[in-house]
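# Coordinate inspection notes
Each chain is listed here by its residues.
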Amino acid sequence: MSNSDIFIGEIIGTAVLILLGGGVVAAVVLKRSKAQNAGWLAITFGWGFAVLTAVYMTGALSGAHLNPAVTVGIAIKDNDWGTVPVYLAGQLLGAMIGAALVWIAYYGQFHAHLTDPEIVGDPADKAIEGPHEEGSGKAGPVLGVFSTGPEIRNVWQNLATEIIGTAVLVLAVLTQGLNDSGKGLGPLGGLMVALVVVGIGLSLGGPTGYAINPARDLGPRIVHALLPLPNKGGSDWSYAWIPVVGPLIGAAVGAGIYNIAFA
């Protein structure tokens with residue numbers, strides 16, 4: 001795979017991943033959506049199908065890492081870091097594009113949601129209360145469409161949850177998901193990884209929303225900060241390091257277990 005193939009493939013694949021994954025969250029939580037209140041099962045299976053679609057679409061082009069944690073895990077396994085920056089750049093850019101496409105697809109629903117007094121409250125009350133400070137735990141009413149956040153804000157628990165979930169994902173990728181070259185996901189591996197993502201969401205997604213992917217969280221969070229959404233609230237940058245650092249540590253843990261037990 002050339003660097004251009006990797007870069008283009010990761011942009012396309014990660015954009016599709018976020019479009020479909022963020023799209024199912026928007027469908028479930030936003031006002032005037034036909035899927036509103038469909039629940040956590042819809043979200044977890046939606047993300048699983050998003051992974052499956054993106055992997056099958058771009059596996060032959062870039063190996064469909066679609067996740068810096070997967071890229072780092074494979075690099076640790078092979079001790080080969082040459083293409084890591086290309087993968088990471090494509091993943092972050094693709095995640096931002098995918099998040100912007102979710103905004104376009106649900107433009108009317110975002111507007112309806114963020115102008116509903118039941119969601120954002122009375123403007124007069126907000127003026128009396130004053131703006132919420134960044135880091136206060138007050139996430140915006142649509143931030144969850146773009147990025148993850150904890151139900152209970154405890155740094156060490158939140159970090160540990162992301163480490164554990166990502167270690168499971170990376171170990172599954174390295175043991176069962178790789179193609180014949182060992183550089184990316186194969187067709188059968190893509191199906192297996194998609195099911196693992198569903199399983200992680202169902203079992204470990206409750207505390208933090210299971211980012212398990214730094215680009216999946218950081219790219220859309222940047223887009224949330226930039227989009228002209230009324231009453232969107234803050235982007236919760238005080239939490240943003242956890243879904244980046246946690247999955248990278250988890251990738252190292254998963255790859256370390258693989259090298260010790262399976263290599």
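Quantities reported herein were computed from a predicted structural model and do not represent experimental measurements.

## Focus: the overall build of the chain
Each helix and strand counted, the chain has twelve helices and zero strands in total. Secondary structure of the chain in N-to-C order comes out as α-α-α-α-α-α-α-α-α-α-α-α. Its C-alpha radius of gyration of 18 Å places the chain within 12% of the 18 Å reference for a compact globule of 263 residues. Overall size of the chain, expressed as C-alpha extent along the three principal axes, is 60 × 35 × 30 Å. In the chain, once contacts between residues fewer than 6 apart in sequence are set aside, the share between residues at least 24 apart is 79%. Surface accessibility of the chain: about 11700 Å² in total, with carbon and sulfur atoms responsible for 66%. Computing the positive centroid from 11 side-chain charges and the negative centroid from 16, the chain places the two 4 Å apart.

## Looking at the nonpolar core
Ranked by size, the top nonpolar core spans 51 residues in total, and within it L17, W47, F110, V145, F146, L169 and L229 carry the most contacts. Take this core: its biggest share by element is eight residues, from helix α1 (residues 3–29). Every residue in contact with L229, bar those within four places of it in the chain, is listed here: W103, F110, L114, V142 and F146.

## Let's talk about the packing of α1 against helix α2 (residues 40–62)
Interaxial distance between α1 and α2 falls to 8 Å at its minimum, and their mutual angle equals 165°. Classified by the interaxial angle, the pair formed by α1 and α2 is roughly antiparallel. Relative to α2, the crossing made by α1 is right-handed. In the contact of α1 with α2, the residues fall into 18 nonpolar, eight polar and two charged.

## What to know about the pattern of salt bridges
Scanning the model with the defined rule gives seven salt bridges in all. Measuring nitrogen to oxygen at the nearest pair gives 3.4 Å for the salt bridge that ties K31 to D116. One end of the pair, K31, is in the loop between α1 and α2; the other, D116, is in the loop between α5 (107–114) and α6 (117–120), with 85 residues separating them in the sequence. D116 gets classed as buried once you look at its relative accessible area, which sits at 17%. We note a salt bridge from D78 to K77, for which the minimum N-O separation is 2.6 Å. Judged by its relative accessible area of 21%, K77 is partly exposed. Taken together, the shared-partner salt bridges connect K77, D78, D80 and K183 into one network.

## As for the environment of N67
Tracing the backbone through its elements, the reader meets N67 in the loop between α2 and α3 (68–78). Of the residues examined, N67 reaches a relative accessible area of 4% and is grouped as buried. Remark: the alpha-carbon pair of N67 and L229, spanning 162 residues in sequence, is separated by 27 Å.

## Considerations on helix α11 (residues 214–226)
Along its 13 residues, α11 runs 18 Å from first to last C-alpha, staying within 8% of the 18 Å computed at 1.5 Å per residue. Inspection of α11 places P214, A215, R216, D217, G219, P220, R221, V223 and H224 among the buried residues, and these make up the whole buried set. N-capping of α11 is provided by N213, with a side-chain oxygen placed 3.0 Å from the backbone N of A215.

## A word on unusual backbone geometry
A negative phi angle characterises most non-glycine residues, just as the trans form characterises most peptide bonds. With phi around 60°, L66 is a residue other than glycine that occupies positive phi space. In this structure, L66 sits in the loop between α2 and α3.

## Quick notes on the environment of G13
Note on placement: G13 falls in helix α1. Among the residues examined, G13 registers a relative accessible area of 0% and is labelled buried. Between the alpha carbons of G13 and W47 there is a distance of 13 Å; along the sequence they are 34 residues apart. Ignoring anything within four residues of it in the chain, the contact list for G13 reads A54, T58 and L66.

## Remarks on the side chain of Q91
Structurally, Q91 can be placed in helix α4 (residues 84–105). Only 2.9 Å separates the side chain of Q91 from the side chain of E10, close enough to count as a polar contact.

## Observations regarding the confidence of the model for the chain
Averaged over all residues, the pLDDT of the chain equals 93, while 93% of them reach at least 70. Taken as a whole, residues 127–137 scores under 50 in pLDDT and shows eight contacts with residues more than four places along the chain or in a different chain.

What counts and what doesn't
- Residues numbered from 1 in each chain as written.
- Predicted model: local features only at pLDDT ≥ 70, side-chain atom pairs only at ≥ 80, totals over all residues.
- Heavy atoms only, no water.
- Helix = DSSP H or I, 4+ residues; strand = E, 2+ residues; numbered from the N terminus.
- Rg over C-alpha atoms; globule rule 2.2 N^0.38 Å.
- Contact = heavy atoms within 4.5 Å.
- Areas by Shrake-Rupley, 256 points an atom, 1.4 Å probe, with all protein chains shown as cover.
- Lys, Arg positive; Asp, Glu negative; His and termini not counted.
- Charge placed at Lys NZ, Arg CZ, Asp CG, Glu CD.
- Core = buried A, V, L, I, M, F, W, Y, C linked by side-chain atoms within 4.5 Å.
- Buried < 20%, exposed > 50% of the residue type's maximum accessible area, 1.4 Å probe, protein only.
- Axes fitted to C-alpha atoms, helices over the stretch in contact; angles between N-to-C directions.
- Parallel < 35°, antiparallel > 145°, perpendicular 65-115°, else oblique.
- Left-handed = near helix turned anticlockwise from the far one by under 90°.
- Nonpolar A, V, L, I, M, F, W, Y, C, P; charged D, E, K, R; others polar.
- Salt bridge = Lys/Arg side-chain N within 4 Å of Asp/Glu carboxyl O.
- Expected span 1.5 Å × (residues − 1).
- Polar contact = N/O pair within 3.5 Å; in protein donor to acceptor, adjacent residues only side chain to side chain.
- pLDDT = per-residue confidence, 0-100.

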